[in-house]
2 protein chains.
Amino acid sequence: RVDARSLWLCRRYYSSTSQWTLSFTIFLILALAFIETPSSLTSTSDVRYRPAPWEPPCGLTEGVEALCLLVFAADVSVKSYLVGWAQFRKNPWLLAYLVVLLVSLVDWTVSLSLICQEPVRVRRLLRPFFLMQNSSMMKKTLKCIRWSLPEMASIGLLLAAHLCLFTMLGMLLFPGEKQDDRRDRQRLTYFRNLPEALTSLLVLLTTANNPDVMIPAYSKNRLYAIFFIAFTLIGSLFLMNLLTAIIYNQFRGYLMKSLQTSLLRRRLGIRAAYKVLSSMTAEGGAHPEGVGVKPQDFLQVLQKVQLDSDHKQAITEKLHSRSGDLLSADEFQKLFDEFDKRVIKEHPPRPEYRSQFLQSAQFLFGHHYFDYLGNLMALGNLVTICVFLVLDAHVLPKDRDDFVLGILNCVFILYYLLEMLLKVFALGLRGYLVSCSNVFDGLLTAVLLVLEISTLAVYRFPHPGWKPEALGLLSLWDVTRLVNVLIAFRFLRIIPSMELMAVVASTILDLIRNMRAFGGILAVAYYVFAIIGVTLFRGVIVAPGNSSLAPDNGSAPCGSFEQLEYWTNNFDDFAAALVTLWDVMVVNNWQVFLDAFRRYAGPWSKIYFVLWWLVSSVIWVNLFLALILENFLHKWDRRSHLQSLTGDLGATSE
Amino acid sequence: RVDARSLWLCRRYYSSTSQWTLSFTIFLILALAFIETPSSLTSTSDVRYRPAPWEPPCGLTEGVEALCLLVFAADVSVKSYLVGWAQFRKNPWLLAYLVVLLVSLVDWTVSLSLICQEPVRVRRLLRPFFLMQNSSMMKKTLKCIRWSLPEMASIGLLLAAHLCLFTMLGMLLFPGEKQDDRRDRQRLTYFRNLPEALTSLLVLLTTANNPDVMIPAYSKNRLYAIFFIAFTLIGSLFLMNLLTAIIYNQFRGYLMKSLQTSLLRRRLGIRAAYKVLSSMTAEGGAHPEGVGVKPQDFLQVLQKVQLDSDHKQAITEKLHSRSGDLLSADEFQKLFDEFDKRVIKEHPPRPEYRSQFLQSAQFLFGHHYFDYLGNLMALGNLVTICVFLVLDAHVLPKDRDDFVLGILNCVFILYYLLEMLLKVFALGLRGYLVSCSNVFDGLLTAVLLVLEISTLAVYRFPHPGWKPEALGLLSLWDVTRLVNVLIAFRFLRIIPSMELMAVVASTILDLIRNMRAFGGILAVAYYVFAIIGVTLFRGVIVAPGNSSLAPDNGSAPCGSFEQLEYWTNNFDDFAAALVTLWDVMVVNNWQVFLDAFRRYAGPWSKIYFVLWWLVSSVIWVNLFLALILENFLHKWDRRSHLQSLTGDLGATSE
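Keep in mind it's a predicted model, so treat the numbers as computed, not measured.

Student: Describe the state of the cysteines, and please don't skip the residues or the numbers.
Tutor: One pass over the structure, following the stated rule, counts one disulfide over all chains. The residue that forms a disulfide with Cys558(A) is Cys558(B), at a sulfur-sulfur distance of 1.7 Å. Between Cys558(A) and Cys558(B), the S-S dihedral sits near -80°, and the bridge is therefore left-handed. Here the residue Cys558(A) occupies a position in the loop between helix H23 (499–537) and helix H24 (574–586), and Cys558(B) occupies one in the loop between helix H23 (499–537) and helix H24 (574–586), the pair thus bridging two chains. By relative accessible area, Cys558(A) is classed as partly exposed at 32%.

Student: Tell me about a nonpolar patch on the surface, and name the residues and values.
Tutor: Residues and elements named next belong to chain A. Together, Leu536, Trp604, Ile607, Leu611 and Leu614 make up an exposed nonpolar region whose accessible area comes to about 460 Å². Among the elements that line the nonpolar patch, the one with the most residues is helix H26 (residues 605–653), at three residues. Relative to the helices and strands, Ile607 resides in helix H26.

Student: Which residues make up unusual backbone geometry, and what values go with them?
Tutor: Residue and element names in this part refer to chain A. The phi dihedral of Glu565 is positive, around 60°, even though this residue is not glycine. Looking at the secondary structure, you find Glu565 in the loop between H23 and H24. In this structure Glu565 comes out as buried when scored by relative accessible area, which is 13%. You will see that Asn589, though not glycine, has its phi angle at about 60°, which is positive. Structurally, the position occupied by Asn589 is in the loop between H24 and helix H25 (590–600).

Student: Could you give an account of the packing of aromatic side chains, naming the residues involved and the relevant values?
Tutor: By convention here, two paired aromatic rings are described through the distance between centres and the angle between planes. Residues and elements named next belong to chain A. In this structure the tally under the stated criterion is 73 aromatic pairs over all chains. For the ring pair Phe72 and Phe130, a centre distance of 4.1 Å and an interplane angle of 10° mean the geometry is stacked. Pair noted here: Phe72 is in helix H3 (residues 60–83) and Phe130 is in helix H7 (residues 128–134), with a separation of 58 residues, a long-range link. Comparing Phe72 with Phe130, the two get one shared label, buried.

Student: Which residues make up the side chain of Thr61(A), and what are the values?
Tutor: Considering the arrangement of structural elements, one finds Thr61(A) in helix H3. Aside from chain neighbours lying at most four places away, what touches Thr61(A) is Leu32(A), Ile35(A), Glu36(A) and Pro56(A).

Student: Explain the packing of helix H2 (residues 16–35) of chain B against helix H3 (residues 60–83) of chain B residue by residue, including any values.
Tutor: Residue and element names in this part refer to chain B. Between H2 and H3, the least distance of the axes is 10 Å, while the angle of their chain directions is 150°. Comparing the axis directions of H2 and H3 gives the class roughly antiparallel. In this structure, H2 meets H3 at a crossing whose hand is left-handed. Here H2 contributes Leu22, Thr25, Ile26, Leu28, Ile29, Leu32 and Ile35 to the contact with H3, which in turn contributes Thr61, Val64, Glu65, Cys68, Leu69, Val71, Phe72 and Asp75. Tallied by class, residues from the contact of H2 with H3 come to eleven nonpolar, two polar and two charged.

Student: Go over the relation of the copies chain A and chain B, please, and point to the residues and values.
Tutor: In screw terms, the move from chain A to chain B is a rotation of 180° and a rise of 0.0 Å along the axis, fitting with an RMSD of 0.1 Å. Put plainly, the chains are arranged around a two-fold axis. Among all residues of chain A, the minimum C-alpha distance to the rotation axis is found for Cys558(A), at 2.6 Å. Both copies contact each other with a shared surface, as 100% of the interface residues of chain A are interface residues in chain B too.

Student: Kindly report on the environment of Ser355(A), identifying the contributing residues and their values.
Tutor: All names here are of chain A. Residue position: Ser355 is located in the loop between helix H16 (329–335) and helix H17 (356–366). For Ser355, the side chain forms a polar contact with the main-chain nitrogen of Phe357, separated by 3.1 Å. A distance of 3.1 Å separates the side chain of Ser355 from the backbone nitrogen of Leu358, its partner in a polar contact.

Student: Pulling in residues and values, what's your account of the nonpolar core?
Tutor: Ranked by size, the top nonpolar core spans 286 residues in total, and within it Phe72(A) and Phe72(B) carry the most contacts. Look past the residues within four positions of Phe72(B) in its chain and what remains in contact with it is Leu22(B), Thr25(B), Ile26(B), Ile29(B), Tyr97(B), Leu101(B) and Phe130(B).

Student: Explain the interface of chain A and chain B residue by residue, including any values.
Tutor: Interface size is commonly expressed as the accessible surface area that is lost when the partners come together. With 117 residues of chain A in contact, the opposing surface of chain B contributes 117 residues. Around 10300 Å² of area is buried between chain A and chain B when both sides are counted, 69% of it from carbon and sulfur atoms. Where chain A touches chain B, the interface holds two salt bridges. One salt bridge in this structure joins Asp573(B) and Arg222(A), with 2.7 Å as the shortest N-O distance. At the surface where chain A touches chain B, the tally comes to 22 residue pairs in polar contact (both at pLDDT 80 or more). A total of 14 residues in the side of chain A that touches chain B trace back to one element, the largest contributor, which is helix H12 (residues 225–251) of chain A.

Student: Please set out a positive patch on the surface residue by residue, giving values where relevant.
Tutor: Residue and element names in this part refer to chain A. The grouping of Lys140, Lys143, Arg146 and Arg265 at the surface amounts to a positive patch. In terms of residue count, helix H8 (residues 136–173) provides more of the positive patch than any other element does, three residues in total. For Lys143, the position within the fold is in helix H8.

Student: Report on the packing of helix H19 (residues 403–427) of chain B against helix H21 (residues 436–459) of chain B, specifying residues and quantitative values.
Tutor: Residue and element names in this part refer to chain B. Orientation of H19 relative to H21, taken along the N-to-C sense of each, is 140°, at an axis distance of 10 Å. Overall, the two elements H19 and H21 adopt an arrangement that is oblique. Here the hand of the crossing between H19 and H21 comes out left-handed. For the pair H19 and H21, contact is made by Asn409, Cys410, Ile413, Tyr416, Leu417, Met420, Lys423 and Leu427 and by Asn438, Gly442, Thr445, Leu448, Leu449, Glu452 and Leu456, respectively.

Student: Please provide a residue-by-residue account of the pattern of salt bridges, values included.
Tutor: All names here are of chain A. Considering all chains together, one arrives at 30 salt bridges over all chains under this definition. We note a salt bridge from Arg50 to Asp572, for which the minimum N-O separation is 3.0 Å. Pair noted here: Arg50 is in the loop between helix H2 (16–35) and H3 and Asp572 is in the loop between H23 and H24, with a separation of 522 residues, a long-range link. Residue Glu65 is joined to Arg123 by a salt bridge in which the shortest nitrogen-to-oxygen separation is 2.6 Å. Here Glu65 is found in helix H3, whereas its partner Arg123 is found in helix H6 (residues 122–126), with 58 residues between them in sequence.

Student: Mind laying out the confidence of the model for chain A, listing which residues take part and the relevant values?
Tutor: Residue and element names in this part refer to chain A. For chain A, mean pLDDT is 80; residues scoring 70 or higher make up 85% of the total. Confidence scores differ between elements of chain A, with helix H9 (residues 185–191) showing the lowest mean pLDDT of 64 and H24 the highest of 91. Counted against residues more than four places away or in other chains, residues 546–552, with its pLDDT under 50, gives six contacts.

Student: Which residues make up the environment of Asp371(B), and what are the values?
Tutor: All names here are of chain B. Relative to the elements of secondary structure, Asp371 occurs in helix H18 (residues 368–392). When its relative accessible area of 29% is taken as the criterion, Asp371 is described as partly exposed. Considered as a pair, Asp371 and Lys423 are 52 residues apart in the sequence and their alpha carbons are 9.5 Å apart.

Here is what the cut-offs are and how they apply
- Residues numbered from 1 in each chain as written.
- Chains lettered and ligands numbered in written order.
- Predicted model: local features only at pLDDT ≥ 70, side-chain atom pairs only at ≥ 80, totals over all residues.
- Heavy atoms only, no water.
- Disulfide = S-S within 2.5 Å.
- Helix = DSSP H or I, 4+ residues; strand = E, 2+ residues; numbered from the N terminus.
- Buried < 20%, exposed > 50% of the residue type's maximum accessible area, 1.4 Å probe, protein only.
- Patch = residues over 30% accessible without salt bridge, like charges linked within 9 Å, V, L, I, M, F, W, Y side chains within 5 Å.
- Areas by Shrake-Rupley, 256 points an atom, 1.4 Å probe, with all protein chains shown as cover.
- Salt bridge = Lys/Arg side-chain N within 4 Å of Asp/Glu carboxyl O.
- Phe/Tyr/Trp six-rings, centres within 6.5 Å; stacked < 30°, edge-to-face > 60°.
- Contact = heavy atoms within 4.5 Å.
- Axes fitted to C-alpha atoms, helices over the stretch in contact; angles between N-to-C directions.
- Parallel < 35°, antiparallel > 145°, perpendicular 65-115°, else oblique.
- Left-handed = near helix turned anticlockwise from the far one by under 90°.
- Nonpolar A, V, L, I, M, F, W, Y, C, P; charged D, E, K, R; others polar.
- Least-squares fit on C-alpha atoms with pLDDT ≥ 70 in both.
- Polar contact = N/O pair within 3.5 Å; in protein donor to acceptor, adjacent residues only side chain to side chain.
- Core = buried A, V, L, I, M, F, W, Y, C linked by side-chain atoms within 4.5 Å.
- Buried area = accessible area lost by both parts, 1.4 Å probe.
- Lys, Arg positive; Asp, Glu negative; His and termini not counted.
- Charge placed at Lys NZ, Arg CZ, Asp CG, Glu CD.
- pLDDT = per-residue confidence, 0-100.

Encoded structure:
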């Protein structure tokens, strides 16, 4: 719809305020999982030491949730109004939005009518949908993943065949004969029966039980090692990497395509704007030169549009510099090329001092050798912290003497303060704040100063035998030292001066920008699996009674959940579930989780963990690798393209 | 040199006989490591049960070595003669070859004069050079790796900075205070002092100690998990994958380039051959049409050249089919395009039978439905083996009754035999042997038949309670079942009928072909590191006295080398060293090796293991991934290119 009211609504809807409100609402409804009934507000999730968590009174989280759902209802109604009924019916995302909202409302009323005692909350599972629905990039990525599923399935089939074949061979090779022999006892645990053998080899596919599964057979005859090495080589090196290749192949050009689409859209938008403006010009007065846009009209529009002020200024300057009356379509298009150029910020002029002394001081402290001195001091600071860490390593914390380190710390912090003041004096306040690295230095110095002053106020001035007491988790003094380590980030600014490091660093920065969609999908996966995990496994891991406080738990076999004391890795609340899922995603030692949950919850729990392994470790990690490859190669190609371009230009000018 | 004698020598040198001799010599000298003084000819490398290995008498391996060195000396002299002195001086590989040979000879004489009691054999370390020197692809790959070293170094620098920063933060955060508290005891083991903390985080970078290192701190306060998750996220996901991207970027186009170079070389060679032949024609008789090659001359040359007979035939046919007298340069070039086309083997004609019955039988058994029946039988065979494995899982091996399975096995093997005979009858012997899958079936059937007959001969015909005895490692009956599982490979032939699977499978096949250079480099790395490892750590791991035969070793802490019984993973002989290096390359649980060798050999052993980790797991595995990506994308692009080409052709013909 393009009538005036719709346009007004559209502008309102896409204004930053309402978009921020929407984002905040999504964040809020997702964050509710942390404080809802199995609340995560305890200091530890260890089942042995965990205090009873604070339970929110019935109605608190539900109230917040109602507010969020109201916002979403407003969102979906505005969106469907803007899109129109005909489009709405065809758009599966909007329809799903409506359905999810309705289901959530019904579940919410059920929940309230049961006074928050309902066994399952379906709406918690549906919440990530709001996040996914709001991001077009995430929808695109999801579509891309859906396309590559058949290819992944073909590799999955090969992997399954590989696994089955080796399981059969393994069971034939290691029948666990001669039970009386001690060396064969362990052999039984890995290839005892079909599910056991399958699990052993599945875990070996992730290399998480690598030498262990091989040891009993290998200890008997060294030729048995060939079986395990062949399995890992084919499964883990060949097929898994082939999966990576397939996923990368699907995502190759994904970034390129999305960039091209956004460029095309902008072109279209500019063209449309040109049409509108030129028709206005034609209406306003008869120009003999034909169609075109009056620069004044354009400037008027430009003032009203929300744009980055730097870009706005650059366009205005370019507009003023040109001659001629009306803008042609090409010129109009070219004006917007300014967006692609990086705006080089000009340094504001340095303050001018009259006195000769002040001028020379300004030259001295504005010179970049002064920066080098600052870096040297920071390095010294880091080295002292390091040295004292090494020296204090063998001293018990309560016997440590922090006198010298306290004095040195004071000196360094005073130096940073002095450096900041001198730089402000030399460059002027605006000149100082224009560079990001200076802002970082200034902030760090301010934080350090505040911490140091409060440390001195609490523990008084360092004297021999000075020993700050711990308050809570860390003493104020430890916090000061921790923040002091952040001074290491000063060295990051050396990176752009090394050519290759600069590419690498800019890839990382770009990656973080492009990663939001991927991160969002990971967040959705984590959320859904954590909620399912909490529903399935809440309270399944139980503390081992009073015997747990015995000095060592010799009763549990080595390598088991109990012996490794993985009591913190449970599904009793949302935050603990997230960390448990992270541990499974990292894959190392996940057989411990498989085994423990098989014992505590039942053999069907394996399905949950294997599914999560497939989603997170197999699919998502490969996606992430594909994204990094794509970003890096894109960056690299553009850089070498630019280099060859400038080379050509240089050759031409010669 | 191009005089007649050199050419003769050159042809002799590059003949398949002498190249095979050279390859075999290289294989022989490399294989010597298995039987030389710490000989690997024991059934197990477990230090507890290992018998005294057979030691070769002094002079045996040295004699073989002397023969090999003589072959190499002949090789280097022929090569240098062919290349000429001027080129020889400039070629670093040839110079190095000579030096390595001289050093080996000197070391060999020293070894003999000391009656094989010398402490170190330098020449063992130099042996992989012969392998590397002989393969031009390996030299190229090595050059490629050398080029990407600076870029890897930049990421390495970032990784090191990341590691150092987090080590400092970790030591500040986890000072190991309050030693009396049980929960803090473990905390000390990971961040006790600087080397310990650095090792913990280095191992965490490979995720090999993932939940363990986190548990003590996380159990105290759940916020500490953020530290470890951030470390793994940045180090393992970001930086390590960026390293993959950098290595892939360097190797992108590597395959393409090497293909192009070999094509270019062939073109040059063909062009030179054309020049020579046309000059001969010009000398032979005056042709009015100008320069060109007489087809008869070409055919004569073709007969003498060593070529694949299929290609030779195709070229001859093409030559006969053309009209005109002299071959122009273009035509000459085009003749050789036949090499790029895959030769489609024609099926030899089926034998023709007179009788109506035989003809219909031939139709029946030559039909591909008969293949499906065979596949069905093979599936049935696999299913029966599987079912009996599951059924027998809970029965002790000595109580198992193999009567039914023995009978079924006989039936299946008889069916395979029948199938083979019927197929030979239907297709004729040549028609049967033309397809690779039939040859595989035939071989498998023959092996199975021999095994089955010998099983019957040894254990007599199956009767209720039939139970084949084990002879050595496996009973003959187990071997029969193992070979029977190989029938699963019959199903591989279904793959090419699924489009995507076909691409995947052909990628794997191509990969194996292209992998020789990479595999060679890995072999060199393994060889060198294994020899160094044997020199450094031989006899370092000692058996735990008589106490090891106690029923369980409760004295060793959980997760230690002794508790996990990794006694087989030592460096006491070459084969054991290879497996140990493999285990470290797979990375899982490598902290156990680090810890054990620190205790047994000294803290400097860490350098060896970290170096091996860098070479194998970081560089080589990434190289391998790059190779797979390159191969797959190349294949994929060519396929889609071919598809678009045929699409265009179809459109044009319409």
